[in-house]
Each structure stands twice: as structure tokens, then as C-alpha cells.
Amino acid sequence: MNSWHSLAGHFVETAAGIISNLKIFEKALLGLEDSYIELFTLLALGLLAVLPVMVPARHRQIWRHLTQILGIICFVFIVYTCMGVFGMIANFFRGFYEIGRENIIALYFASVPVTILATSLLFGPFFCGWICPTGSSQEFIGLLTRRREQKRRRAGYPFSWPMLAGIILISLLFFSWLYYLSRTRIFFIEDATVYWTFILLLLLYLLVWRRPQWDQKLRRLKTLSFILIVAAAVMHVRITSPVHFGFAKVVDPASVLATVIVVIAALLVPRVWCRYLCPWRLAINWASQHSVRQIRYVPDVCTSCGICTQECEVEAVRNGRIIPRECNMCLRCVDACPEKALLLVDVWDQAACKSGVAYPAADAGNAARKAKYAK
Amino acid sequence: MKSPSRHGAILIIPLAILLFTLPPIPALADANWPVFRQGPEGRASLEYQGSLPLLEWYYQYKTTQRFEPGVAVWASPALALVNGRPTAFIGGHNQALLALDVSGRRVLWLKITNGVINETPVVGVCDNRLTVFFGSADRSVYALDAATGETVWTRELIPPAPTLGAARITSPLLHAQKVYIAIFAYDKSLPRNRQQTWLFCLDAKSGAVCWKYEIGRGYVSSPVGFLLEGKYYLVVASRKGLVQCFSLTSGRPRRVWTYLMPHEVFASPVVEQNCPDPYLFLGSKFGNFAALDARSGEKKWQRMAGHWIDNGACLGEVDGRRIVFVGSHDYHLYAYAARSGELLWRRPLGGEIYSAPAFFHVKGEPMVAVACLDDRVYAVRAKTGMVAAAFFAGEPLWDKAPKGETLLASPAVFSAGNESALVHGSYGGSVCVFPLLRKSMFRDTARSFRSLWWSLPLVLVVFLGVILPVVILLPDKRG
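All of the points below concern the structure found in this document. All values derive from a computational prediction rather than experimental measurement.

**Points about unusual backbone geometry**
So, step 1. In this model, Y157 of chain A sits at a positive phi of 50°, which is unusual for a non-glycine residue.
So, step 2. The topology assignment puts Y157 of chain A in the loop between α9 (146–154) and α10 (161–184).

Rendered as C-alpha cells:
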């Protein structure tokens, strides 16, 4: 404990240990037996998923941030079986295998991913924009550089020396930390999350120069990420993901490293993990293709002011047009549009959809919008 | 009249013939496993001078007999040299005690009992014969010849009754030709409903019960004994946290002191040896790790781990300093200075540490071995806490490895210079022998320090050379 890096490592490990020990229940399975903890999780996640369509539109973004904080608390303090975006895919398969053999175990493992898929099926990818702790942490840290990011976006993402300097600093942090870890512990295949982090760093370097040209194309990496994680899950190989350490009641230095890098990288590119590498996003896309709640664009009232494009932090809106596979359903564009050209609608209610009835019907703002649109 | 020298010759010659024809008495080192973790310090290692090869070995007991479903746990092994060959004695839920010739990679003998064997056997010389003593859940204690497996004696401690629940029998303690063993038994019938824990003292030669003494009404840990100023003391810790120390000098046990730990205790304490005022160390649920004065039971210091400590500690000497090692479910192996409680280092490993550590030397370097819930056994350098080696011990046979209250098997070590090996009863249903200085296919080197740094350029090349061009050049049909 005599060198600075040992002290720093000790500090980080202690902090990670404290975070990872913050579970309300001592043991997940004991919780399952005695207090139905995973059923409670289902209920909690279900309620969180319903919240976006229940909150008043007036202060929707404040409600969203509150829900995000609740999501982080729920995952860190209660949920045992999340294990991050990689772990949820693995747990889904694990639960699937157990159906018919050990149904309670199947419920234990599959409850969280199934709840997320089911709520995505019904309400769209609300999980990403309202609940996901990985996304929320990136979003909260991204608030610090939001104005600068918007300015760069307006300028068409020119080459930026400060951004390059930031990436070099992040890289130095990554490699020095990795060096410390590799000297003090043995890496196993579940620590492959460091490779994802390494790829993330490479992406940052590419984005400094080629962001306008390659941004959308690089988002296809999510598919590759998904395939790799599914293959690992089918082969029963566990790979821990960023933020995993916060959920798992374990000390996982590789996951801590990945989390720190992902969160810091979100200062330079908002929600960088969600944009390019999150494998879970692909499953949510598939589930939310025909969801009840969708954002509809009303071209007649759109003035092409570009505010929605500026507001969207994952660049899923282009002049009012929503790119569903990238949209997080944060509804920031809906709330920001001065002309109310973007509406949250119930697409299963054909009559309402055709007449442009927005959801929720009791929403005063949307009611006025509806009246305006009905004219 | 015969001369005195002639008389002497008449006596000496037959005596010499007798001495030369008698089988050699095993050396003291051969029998040095009188308590469940080899000694009061819990080192669980047998250091000897030998050159027989210790190769890697995965032994699986194959049988058609069904045991408790999903469970095939092997207890911690006891090690001994039998006829000069390193031999491990290990029991498990297969109800059998096996003698495994670790060097020859063969089963010497096995003894099937009528109950599971959860606890470690002990090995000692009794009646000029190396003997293995162990308890089984069939409420009996067995004494077997270590070389042949021949039964020396058996003793049923609790008489059978149709309403008797499964007994929980501890590991024995061997001292001065006496076997001390505790047993917890309960009667499920309403009229005879009782729960009792007895400490038995048996004669090591015949198995006769010398005395029995009620020490509680719940699970207790295996007894540990220590000598202090010529008097012999025995310590047990109950599951409810009560640590009791008995003096055995007067024959019958006399309670000297008690100490109540703040939470449940799952494992036996360890005690310093060759020390005028020895300390006793034990951990408890929720991570309390305490050092008590073995003479008075007074608490000397207490430290907290991040999670449960549900197995024992072990003591070792590094650079003349006495260190106590303990693993916790917070993934960390802790090294404390035994006298002051100062944290010397702590090392996160790949999984929750469920086993008691074993302390040993490899080529003079002090090492510690522990088993984790990431299905691996680690050898850690005792000076710095750096991981020296990790071995894959097999995945659990049942759905998942349990957390807390595990008390699964802990590794033990044969340490003979160039021929050192870890012996571990894995929850994967195998007895594993991992050589420390030879090649082993189960050694986890794939993600070692060097391979980690080699893999990063590989990822870089694959990403920039294959993945990126495909991602960029592939036409986007989605618009």
C-alpha cells in the first residue's frame, strides 16, 4: 500500500465494495422464498414502466429523471438477477432452460428480462429512456456537457482538439487501471467486458474524425454485440457487463473499470454505450416494433425548427422524423416541440390514432394540441 | 558361573533381532494431522521431504447408488504419508471415506458408512499403527487402519431411535491417545423432543467412551485443542455464536471461559501455537473477525470484512511475523497481523471465498490456498497477496453454488519442495489434485497477465481489419 496506484486501487475497490454490498435482502433466493423478492421486482419494474404514460406532460422530464433515479435505486438495492445488459440476456436463456424443470428458478432468472420485454412490447422502449440504470448514469453525467454537445451538433461535429485530449485522457485511465488490475488479479472470461470497453475507446477515436459520416453505420455494432452475448449465453459462458458490480453484490473490478470508462465517455458522446454497443437494445427494438405507445409525427404543423433534433441526445430524430430503432422514448422531443408536431399516441386505438388523439387524453397540453389538430 | 558380558549378549542379541524384524514405526511427521485442519493453526498442509511425483488428477467416485439429490460434496481432506506415499483421506455425501494415493493416482481403499461424511478425518498413530478417525452421519465414529482400511473399531455415539433426526457429527480431535468428538442429535418425537450436543471422549485404542459432556443444544464446530503451560484446552464454537473453552487436564472437561460472538459462527476457531499468550481467531456471519485471548477469552481486536465469513482462518509465519489469513464472501482474502490486527493486505479474487485458507511453502516461499465460488482454487503469495496460480475445479453439480452457510470443502496441500500439490474436494463431484510446480491443464492461464495484454492488440486488429470495414461498407437498407 505504499504507491499511489495501490492507494487509488484500494480506494476504488473499497468504494465498489460498498456499492456492491448495498442490498436490502441478504440472499436473493432466501428473499425469493420468504418475501418473493423477484415478484416484487416484477411489480416494481412494471410500475416503473407504466409511469411514463401516467405522469402529467407538464413536468414530464422531471418525472422521467425521478423515475431514472428510482430505477437505479431499484436495481442497486433490490434486484439480484439483472447483472447488467449482458447478464440479462444470459439470465433470459438460463430461465428459459429451466422452464418445466425448476419453474421457480426460471422465474428467478427470467423475471427481469421478461418484464422488460413485455413492457417494451406494450409501451415501447421506455425502459431505455426512463429506467435503465446504465443509460441513466450516462445521461446524468452527460448533462454536464450537454450545451457543448448541442453546439457541436449544430456545427456538424467538426474535429475537436479538446475531445481528442479527453479521449487520450480516458485511454490513459483505462490502460493504467487495466495494468493495475492485471498485476493484482487474474482475469477470466467473464471479465471480457474490458474488450467491450476497449472497442468503445476505439470508437471514440473514430468519432473524433468521422462522426457525421459514420455515426449511424457504427450503430450496427449493437447487432454484433448482441450476437456475441447470445452466443456466450447459449454456451453458458458468463460475461459481466458494465454496471454489473452495482447489481450483483460482488466486487468485480473489471466491471467497475468498464462502468467508469463508459460513464466518462458519455461526457464526450452522449449515451455512447447505448448508441453503439448495448446488445439489449436490439431485443427491445424487436419487442417494441408494434408497441401500443408510439410517437407520431404531424407534418402539417411542423415548422422544421430543428428543436427536436437538438433535444434528442441519441440523435433519433431528424427534422421531426423519428428513427424508431434508435428512439429511447424519453419524450424530450415531444415535450420540446413548440408546435406540438410530435405526439405520443395509442396506435392500437385506431380511431384515436386516426383523429390524432394523443395520450394521455386527460393531458391539458395534448388536449389543446388535439383541438388544434382537429381543426 | 557365566560372565556378566555373556548374560548381556544373551539379552542384547534377541532384542536386536526383535528390533530389526519389527515393522518400522511411522515417523511423527507421518501422523501429524490430529485435528481437522492439520493443527490448531489451521494450516492444512503437510510439509515433508519427498520426491514422488504429484501429478494432476481428477478423481470421480462412480457408482449407481443414488445419494441426496444434487449433492456430491466432498469434505475437506486429511493428508498423511502412508508407507512413504502421500495419501489423502476424504469423505463426502457418497457416504464413503476414501484413501487416495495421490502420487500413484489410485484409490487405496474405501470404507462405506451408513451416513454422509461431512467433516474431515484425522490421522494419528495409535497402538503403533497409523489410524484414520472420522465421524459419519450414522452417529458413529470409525477408526480404520490408514494403510489397509481395515476397521480397528467403530463406536455408535447415540443409540438409534425411530424418531431420531439426522445427526451432525464433527471432525474428531486426537490428543494423548484420546479422541474428542462432538455430535448434535435431535429427537423429532413430541414426548422425547430434545436437542442435545454432546462432547465425547473416546479411547483411541479401543473406542471405549471415557466420558461425555453436554455442551449445547445446537450445531457446534469441530473441536480444536491447544497446549498452554502444560495444560490441554479444547475450544468449540456453537452455531449460535457461543465460544466455549474447556480444560481437559483433570480428565473431565471443565469450562474455563465462554465468549459470545456478535453473530452466528459457522466454523472452528484457530489458535496460535508455541506462544506464551496465544490468541484465538474466528469469524462470524456478517463479516466479524475477532481475535480472543486463548487464556481468558477476552477480546483482543475485531475487524470487519465486507461480507460473511463462514469458514475458518489459518495462521502462518511470513518473515518472522505471524499472520492470520481469512477469506470472506466479499471476494477478498484478508491478511492481518496476528497480534495487532493490522491489515497487511487484502486481495480480491474471482469469486466469493467460501473455504478456509491453507498455508504452505513452495520452494521456501510462503503461500496461501483458498477456494472460491467462481469454481476455482487459488494459490496466493502470502507476502504480497499476489495470485500465483488458479485452477478450475469444476462447476457445481446442482443448480448453483450456494452463498453463505456453505462450509464446503477447503483445500489442503502436500508441500515437498519441487513436488507440491493442492488437494481439493470440489462441489463438482471430483477430488482434484493440482500440482503447483508442474504443468496442469486445469491451470487458468488463458487470461493471465501476459495473455490479457496480447489479446488487446488482437482485438484491435480484428476490429479495425474486419469488423469496422464490414460495418462501414455494408449498405444500409433501412434508410
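So that's the structure; there's more coming.
**Overview of the pattern of salt bridges**
Residue and element names in this part refer to chain B.
So, step 1. Tallied over the full model, the rule gives 33 salt bridges over all chains.
So, step 2. Its salt-bridge partner being D101, residue R106 comes within 3.2 Å of it at the nearest N-O pair.
So, step 3. Residue R106 is classed as partly exposed on the basis of its relative accessible area of 42%.
So, step 4. A salt bridge links R129 to E150; the nearest nitrogen and oxygen atoms lie 3.9 Å apart.

**Notes on α9 of chain A**
Residues and elements named next belong to chain A.
So, step 1. Within α9, burial applies to E149, Q150, R152 and R153. The arc that holds every buried residue of α9, seen down its axis, measures 160°, which confines them to one face. Along α9, the residues that are exposed and aim more than 90 degrees away from the buried face are R147, K151 and R154.
So, step 2. G156, located one to two residues past α9, shows a positive phi value of around 80°.

**Let's talk about the pairing of strand β2 (residues 57–60) of chain B**
Residue and element names in this part refer to chain B.
So, step 1. In β2, alternate side chains face the same way, and those of W57 and Y59 are buried while those of Y58 and Q60 on the opposite face are not.
So, step 2. Note that β2 and strand β34 (residues 430–435) share four bridges and pair antiparallel. Counterpart to Y58 in the pairing with β34 is C432.

**Examining the packing of aromatic side chains**
So, step 1. For the structure on display, the rule yields 34 aromatic pairs over all chains.
So, step 2. A centroid spacing of 5.1 Å and a plane angle of 10° characterise the contact between F134 of chain B and Y142 of chain B, whose relative ring orientation is stacked.
So, step 3. Relative accessible area serves as the criterion here: at 7%, Y142 of chain B is assigned to the buried category.
So, step 4. Taken together, the ring pairs in this structure connect Y279, F281, F289, W301, Y334 and Y336 of chain B into an aromatic cluster.
So, step 5. The residue whose ring lies beneath R211 of chain A is Y157 of chain A, and the NZ or CZ to ring-centre distance is 3.8 Å.
So, step 6. Above the ring of Y279 of chain B, the side-chain terminus of R339 of chain B is found at 3.8 Å from the ring centroid.

**Focus: the sheet that holds strand β32 (residues 412–416) of chain B**
Residues and elements named next belong to chain B.
So, step 1. Strands sit in the order β1-β32-β33-β34-β2 across an open sheet of five strands; the sheet is mixed. If you trace the sheet from one side to the other, it starts and ends with β1 (45–47) and β2, each paired once. The average angle at which neighbouring strand axes cross in this sheet is 15°, direction not considered.
So, step 2. Here β32 pairs with strand β33 (residues 419–425) via five bridges, running antiparallel. Bridge pairing in β33 links F414 to A421.

**Considering the state of the cysteines**
Working definition: the covalent bond between the sulfur atoms of two cysteines is a disulfide.
So, step 1. According to the stated counting rule, one finds zero disulfides over all chains in the structure shown.
So, step 2. Of all cysteine sulfurs in the structure, the one in C330 of chain A sits closest to C312 of chain A, which takes part in no disulfide; the separation is 5.8 Å.

**Structural notes on the nonpolar core**
So, step 1. By size, the foremost hydrophobic cluster in this structure holds 86 residues, and its most contacted members are F127, L203, L218, L277, W280 and I295 of chain A.
So, step 2. A per-element tally of this core places helix α11 (residues 193–218) of chain A first, with 14 residues.
So, step 3. If near-sequence neighbours (up to four positions away) are discounted, L218 of chain A is found in contact with L203, L207 and Y276 of chain A together with L468, V471 and I472 of chain B.
So, step 4. Formed by 60 residues, the second largest nonpolar core is a distinct cluster that contains A80, V102, L130 and A416 of chain B.

Analysis parameters
- Residues numbered from 1 in each chain as written.
- Chains lettered and ligands numbered in written order.
- Predicted model: local features only at pLDDT ≥ 70, side-chain atom pairs only at ≥ 80, totals over all residues.
- Heavy atoms only, no water.
- Helix = DSSP H or I, 4+ residues; strand = E, 2+ residues; numbered from the N terminus.
- Salt bridge = Lys/Arg side-chain N within 4 Å of Asp/Glu carboxyl O.
- Buried < 20%, exposed > 50% of the residue type's maximum accessible area, 1.4 Å probe, protein only.
- Arc of directions from axis to C-beta.
- Pairing = 2+ DSSP bridges.
- Phe/Tyr/Trp six-rings, centres within 6.5 Å; stacked < 30°, edge-to-face > 60°.
- Lys NZ or Arg CZ within 6 Å of the ring centre and 35° of its normal.
- Axes fitted to C-alpha atoms, helices over the stretch in contact; angles between N-to-C directions.
- Disulfide = S-S within 2.5 Å.
- Core = buried A, V, L, I, M, F, W, Y, C linked by side-chain atoms within 4.5 Å.
- Contact = heavy atoms within 4.5 Å.

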